[in-house]
Amino acid sequence: LSGIRTAAAVYLAGSAWEHHAREVRRRERAAAEEFLERELSRTISLRDMAGKGQLFMEVLQQLAAKTSVPIWCNRWGLSQNSIYESTPVDVPDGEVSLRSALSVFCRQAGTTWIVARGRIVLMTPDNETIHLITRVFPLPQLAGPEREITNDGEQWRDVITSVIEPKFWEDV
């Protein structure tokens, strides 16, 4: 009987440790996502980089040096089309958010970018479709304090469709 108690105690301790480890990882991911959002919204100066016809690769390296967010390239996909090494982009003279800068340069180079695993990943648009990104948002607060959310599916649908704007609702 004492062996069963010991096994049960070990199992419970292991479960508690696993729960704690999952919670720590969840908090770390949430902190990393918050950091990324702050960095993407942060204004950066492009004045020292401004000019026409600069290589996409060099512009990305300069952007990476201006921020502490890792910028990764799917080099296989971008190299297949010689996008990364030889595509020229025009850098405006001004200050913009990192998000805007990435979008402008990627649009000029015919690429796109996503946030994945705590970094910015650049890729060709056809590779973007294979990356499903899941986000969890605390929707009950979005309903407002005057409206309590229950388990009613229609009520959840109304809240979600009024708050989230995907490109196409058919994909959801």
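Bear in mind that the values here come from a model prediction, so they are computed numbers and not experimental data.

Participant: What is the right way to look at the sheet that holds strand S3 (residues 71–73) in this model?
Facilitator: Backbone hydrogen bonds are what pair the strands of a sheet, in a parallel or an antiparallel way. Taken in spatial order, the three strands make up an open sheet running S3-S7-S6, and their pairing is mixed. Of all strands in the sheet, those with a lone pairing partner are S3 and strand S6 (112–116), marking the two edges. Direction aside, neighbouring strands of the sheet carry axes that sit 30° apart on average. Bridge count between S3 and strand S7 (residues 119–123): three bridges; the pairing is parallel. Looking at S7, one finds that Ile-71 is bridged to Ile-120. Contacts from helix H2 (residues 56–66) reach S3 and S7 within the one sheet, and its direction differs from that of S3 by about 155°. Most of the contacts of helix H5 (residues 98–109) go to S6, to which it runs at about 140°, and overall it touches S6 and S7.

Participant: Hey, could you run me through the side chain of Thr-67 in this one?
Facilitator: One can find Thr-67 in the loop between H2 and S3. A polar contact is formed between the side chain of Thr-67 and the side chain of Glu-39, at a distance of 2.7 Å. Engagement of the side chain of Thr-67 in a polar contact is seen with the backbone nitrogen of Val-69, the distance being 3.3 Å. Those residues within four positions of Thr-67 in sequence are excluded, and the remaining contacts are Glu-39, Arg-42 and Leu-98.

Participant: Please explain the pairing of S6 as it appears in this structure.
Facilitator: Regular strands place their side chains on alternate faces of the sheet. Of all five residues that make up S6, four are buried, and the element is covered over most of its length. With five bridges joining them, S6 and S7 adopt antiparallel strand pairing. Opposite Ala-116, over in S7, you have Arg-119 as the bridge partner.

Participant: Please explain the pattern of salt bridges as it appears in this structure.
Facilitator: Between side chains of opposite charge, pairing is possible as soon as their charged atoms come close. Inspection of every chain in the model, using the stated rule, returns seven salt bridges. Glu-37 is the salt-bridge partner of Arg-99, the closest N and O atoms lying 2.7 Å from each other. Here Arg-99, found in helix H5, pairs with Glu-37, found in helix H1 (residues 2–41); they are 62 residues apart in sequence, far enough to count as distant. Judged by relative accessible area, which is 28%, Arg-99 ranks as partly exposed. Using a relative accessible area of 43% as the deciding quantity, one classes Glu-37 as partly exposed. Arg-47 serves as the salt-bridge partner of Asp-93, at 3.6 Å between the closest nitrogen and oxygen. Note that Asp-93 is positioned in the loop between strand S4 (88–91) and strand S5 (95–97) and Arg-47 in the loop between strand S1 (43–45) and strand S2 (51–55), a separation of 46 residues in sequence. With relative accessibility at 57%, the residue Asp-93 sits in the exposed group. Within this structure, Glu-23, Arg-26 and Arg-27 form a network of salt bridges that share partners.

Rules of the game
- Residues numbered from 1 in each chain as written.
- Predicted model: local features only at pLDDT ≥ 70, side-chain atom pairs only at ≥ 80, totals over all residues.
- Heavy atoms only, no water.
- Pairing = 2+ DSSP bridges.
- Helix = DSSP H or I, 4+ residues; strand = E, 2+ residues; numbered from the N terminus.
- Axes fitted to C-alpha atoms, helices over the stretch in contact; angles between N-to-C directions.
- Contact = heavy atoms within 4.5 Å.
- Polar contact = N/O pair within 3.5 Å; in protein donor to acceptor, adjacent residues only side chain to side chain.
- Buried < 20%, exposed > 50% of the residue type's maximum accessible area, 1.4 Å probe, protein only.
- Salt bridge = Lys/Arg side-chain N within 4 Å of Asp/Glu carboxyl O.

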